[in-house]
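Survey of secondary and tertiary structure
Residues per chain are reported as follows:
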Amino acid sequence: MAFKRALAAALAAAVCLSLTGCVRAPYAPETETEIVLPEPSQEPASMILGETMDVPPVSVTLYYVAADGTSFSTVTRSIAVSEGENICEEAVNALLRSGSSPDRMDVIPSGTQLLGVEYACGIATVNLSLDALDVQSEQEHMMMLASIGNTLLSIEGVEGVNVLIDGRSIAVAGLPTGIQTEMYSSITSAYAQISAEREYFIESQTGAIERTAALYFPASAGNGLMPELRTVSFDSSDYASGLIRALCEGPLSTPGATTAIPDGADFLLENPAIEISPAGERVLRLDFSSTLRNYLAFSGLEEWQLIGSVVLTICSFAPEIDAVSIRIGNEEVLGCAVGESQIEFEGGTIRRSDFASSISSAVALYLPHADGTFERVERAVSMVRAASPLSVLYALFDGILAQNNSASVFPTGVYYDDILGVSVSDGIASVNLSANFYRQAQALDATAERGVVYAIVNTLCELEGIAGVRFYIEGISAQTLSGSIYLRSVLLPNPGLVSPEPSAVPEITATP
């Protein structure tokens, strides 16, 4: 015990020394004042560096097709998800690994591999290997879709499921299946419905169909393409034109997104047409007016955002489309710049995979203001970073640094590297801040201190699995930042401080 007390005292002394010494350039104050770190709490001192997450097992209901081929047999399993893994991906893998059973049908063909699962904005897009096409009938294909869709929709937060095979959407009864947003209770009823639609939509051509699609919109701040669920009505098999018209309407439920094609003008010069490439691929050809580039320049968007928005939307929905070719004016698009990278489209064929890495999800950030209120804004971050508390704090700092200086209450002279680490365990996020952050925060008044603390608390508590936040300075639990808010207990979110009329989302630069 004496050794532990001595160790804690030594660590506290070391931190105090770092707080009273010179601050790294360029943030050194004009005059040095001694700032003493409060005594460490009874909790053993620990240094949290980087990011660690203690993710508890998740209970997932796996939906198998029952032996009668019409209903479902369910099994609930506890699935452990390692740090950085996707629960949706693990759930599909559990279905693929399931052995045969006399009370259910094997609807996923043997040898089928999971190529990946995208999860963004509540939409899970499953990509299976070509082995998944080895089914005996369209009914069996429908069974496979229903098994995967029902399983993923049972997971909290999943609002829609899309299943692709080798990056392509596959038709059932000649029609696009779209995104599944509700669980199927009966496979027989679901297949009967789509068969009836085929009769009047394809064979008789007397009606329209409605499908839920994922429309991909450019993020209005930062880079990325954000999916949004949308019910779209089609009166012909020209699905591409219907999807482009929906894109022109702009995002309806994603505040952090915008549109790359303005509404009110027809920028398509010709009806989309499917061509067969020399390699035997089905390529959808789109011819846009050159004036579309004027809109992009006016709106501050880049050409890759237009291309990615269109290609991801069409290839995620239209059946049997391998790629898209695009002309703008008389110029065929053979490549585009994405940030500092250049993407080349061999032979002018643009594939869904060219922009899959740009798919982003939305995270909520609480930006503090000088009057003590907060502005809740949504910012696009990559799918992987959206579930990372450390990355979300980077995005928060990014948003705060982009604010007008007169509106920001954050201490001057702090940056990303002042977030030393975040650890999540039992629903509590422990945030370890640097000695520099602590020094710079000493001058904050009570309102500003509350803004700093609850910007972090409210933002982190928006993430799934985080209910409260504790603060540490260089691994030691400090009593306050500047004297007003007690930090040695778990702080819960305070969303009541949000301003009822948020202002426009500030322009945000790239984070590390």
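Only a predicted model underlies this, so the values are computations on that prediction, with no experimental measurement involved. Counting restarts for each chain: residues are numbered from 1 in the order of the written sequence. In view of the model being predicted, local features appear only for residues whose pLDDT reaches at least 70, and side-chain atom pairs are presented and counted only at 80 or more, with totals across whole chains, interfaces and linings using the full set of residues. Side-chain metrics rest on all non-hydrogen atoms present in the structure, leaving aside hydrogens and water.

What to know about the overall build of the chain
Scanning the chain from terminus to terminus reveals eleven helices and 20 strands. The buried label goes to any residue with under 20% of its type's maximum accessible area, the exposed label to any with over 50%, and the partly exposed label to all in between, with areas taken from a 1.4 Å probe on protein chains only. A buried classification covers 53% of the 512 residues belonging to the chain. Counted over contacts in the chain with a minimum sequence separation of 6, partners at least 24 positions apart contribute 66%. In this description a helix means any DSSP run of H or I spanning at least four residues, a strand means any run of E spanning at least two, and both kinds are numbered starting from the N terminus. Contact criterion: two residues are considered in contact whenever any of their non-hydrogen atoms come within 4.5 Å of each other.

Topic: the packing of helix α3 (residues 138–153) against helix α4 (residues 187–203)
In this analysis an axis means a line fitted to C-alpha atoms, helices contributing only their contacting stretch, and an angle means the value between N-to-C directions, from 0 to 180 degrees. It is the contact of α3 with α4, at a shortest axis distance of 10 Å, that shows an interaxial angle of 120°. When the axes of α3 and α4 are compared, the pair comes out oblique. With respect to the hand of their crossing, α3 and α4 are arranged in right-handed fashion. Counting all contacts with α3, which are made through Glu 138, Gln 139, Met 142, Met 143 and Ala 146, the residues of α4 involved are Ile 187, Ala 190 and Tyr 191. Split by residue class, the contact of α3 with α4 holds six nonpolar, one polar and one charged. An angle counts as roughly parallel when it lies under 35 degrees, as roughly antiparallel when it exceeds 145, as roughly perpendicular when it falls between 65 and 115, and as oblique in every other case. Handedness of a crossing is defined here by the sense of rotation of the near helix relative to the far one, left-handed for an anticlockwise turn of less than a right angle and right-handed for a clockwise turn. Each residue gets one label: Ala, Val, Leu, Ile, Met, Phe, Trp, Tyr, Cys and Pro are nonpolar, Asp, Glu, Lys and Arg are charged, and the others, such as Gly, are polar.

As for the nonpolar core
Residues belong to one nonpolar core when they are buried, are Ala, Val, Leu, Ile, Met, Phe, Trp, Tyr or Cys, and are joined through side-chain atoms within 4.5 Å. Ile 148, Leu 152, Leu 286, Phe 288 and Ile 326 are the most contacted members of the largest nonpolar core, which totals 99 residues. If we skip the residues at most four places from it in the chain, Ile 148 touches Val 92, Leu 95, Ile 108, Val 126, Leu 128 and Val 163. Membership of the second largest hydrophobic core comes to 49 residues, among which are Leu 365, Leu 396, Val 431 and Leu 444.

A word on the pattern of salt bridges
Salt bridge, as used here: a side-chain nitrogen of Lys or Arg that lies within 4 Å of a carboxyl oxygen of Asp or Glu. A complete count under the given rule lists 15 salt bridges for this structure. Among the ionic pairs, Arg 230 bridges to Glu 228, the shortest N-O distance being 2.8 Å. When the shortest N-O distance is used, the salt bridge between Glu 378 and Arg 376 registers 3.8 Å. On the accessibility criterion, Glu 378 (22% relative accessible area) is partly exposed. Among the charged side chains, a salt-bridge network with shared partners connects Arg 168, Glu 320 and Asp 322.

A short note on the packing of helix α9 (residues 389–401) against helix α11 (residues 446–460)
Where α9 meets α11, the closest approach of the two axes is 10 Å, and the angle between their N-to-C directions is 135°. Taken together, α9 and α11 sit at an angle that is classed as oblique. By crossing handedness, the relation of α9 to α11 is classed as right-handed. The segment α9 lies against α11, with Pro 389, Val 392, Leu 393 and Leu 396 engaging Ala 455, Ile 456, Thr 459 and Leu 460.

With respect to the confidence of the model for the chain
Mean pLDDT over the chain works out to 84, with 86% of the residues at or above the 70 mark. Residue range residues 1–45 is modelled with pLDDT below 50. Its contacts to residues more than four positions away, or to other chains, number 61 contacts. The predictor's confidence in any single residue is recorded as pLDDT, a number from 0 to 100.

Considering the side chain of Thr 212
Along the chain, Thr 212 turns up in strand β8 (residues 209–218). Setting aside residues no more than four positions away along its own chain, Thr 212 makes contact with Gly 178, Ile 179, Thr 181, Leu 229, Arg 230, Thr 231 and Phe 317.

Some points on unusual backbone geometry
Trans is the common state for peptide bonds, and a negative phi is the common state for residues other than glycine. One non-glycine residue, Cys 121, lies in positive phi territory at about 55°. Look at Cys 121 and you get partly exposed, because its relative accessible area is 24%. Residue Asp 166 is not a glycine yet carries a positive backbone phi of 55°. The residue Asp 166 is located in the loop between β6 (160–165) and β7 (168–169) in this model. Relative accessible area serves as the criterion here: at 43%, Asp 166 is assigned to the partly exposed category.

So, the sheet that holds strand β19 (residues 428–433)
Two strands form a pair only when DSSP identifies at least two bridges running between them. An order of β1-β18-β19-β20 is seen for the four strands of this open sheet, with the pairing classed as mixed. Across the chains shown, the open sheet's two edge strands, defined by having one partner strand only, are β1 (50–53) and β20 (468–473). Pairs of neighbouring strands in the sheet enclose a mean axial angle of 15°, with direction left out of account. Bridging between β19 and β20 involves six bridges; their strand directions are parallel.

Regarding the sheet that holds strand β10 (residues 273–276)
To summarise the sheet geometry, strands pair through backbone hydrogen bonds and adopt either a parallel or an antiparallel arrangement. Ordered in space as β10-β11-β12-β13, the four strands form an open sheet in which the pairing is mixed. Since the sheet does not close on itself, it has two edges, and those belong to β10 and β13 (331–332), each with one partner. Summarising the sheet, β10 and strand β11 (residues 282–288) pair through four bridges and their orientation is antiparallel. Bridge pairing in β11 links Ile 274 to Leu 284. Helix α7 (residues 303–315) rests against β11 and β12 (323–328) of the sheet, and its axis sits at about 145° to β12.

Focus on the packing of aromatic side chains
Classification of ring pairs uses Phe, Tyr and Trp, with its six-membered ring standing for Trp, and accepts pairs whose centres are within 6.5 Å; under 30 degrees between planes counts as stacked, over 60 as edge-to-face, and the remaining range as tilted. Applying the stated criterion across every chain, the model contains eight aromatic pairs. Taking 6.0 Å as the distance between ring centres and 75° as the angle between the ring planes, the aromatic pair formed by Tyr 239 and Phe 317 counts as edge-to-face. Taken together, the residues Tyr 239 in helix α5 (residues 239–248) and Phe 317 in the loop between α7 and β12 connect sequence positions 78 residues apart. The buried category is assigned to Tyr 239, whose relative accessible area is 9%. With a relative accessible area of 2%, Phe 317 lands in the buried category. Three or more aromatic residues joined by ring pairs form one cluster here, namely Phe 234, Tyr 239 and Phe 317.

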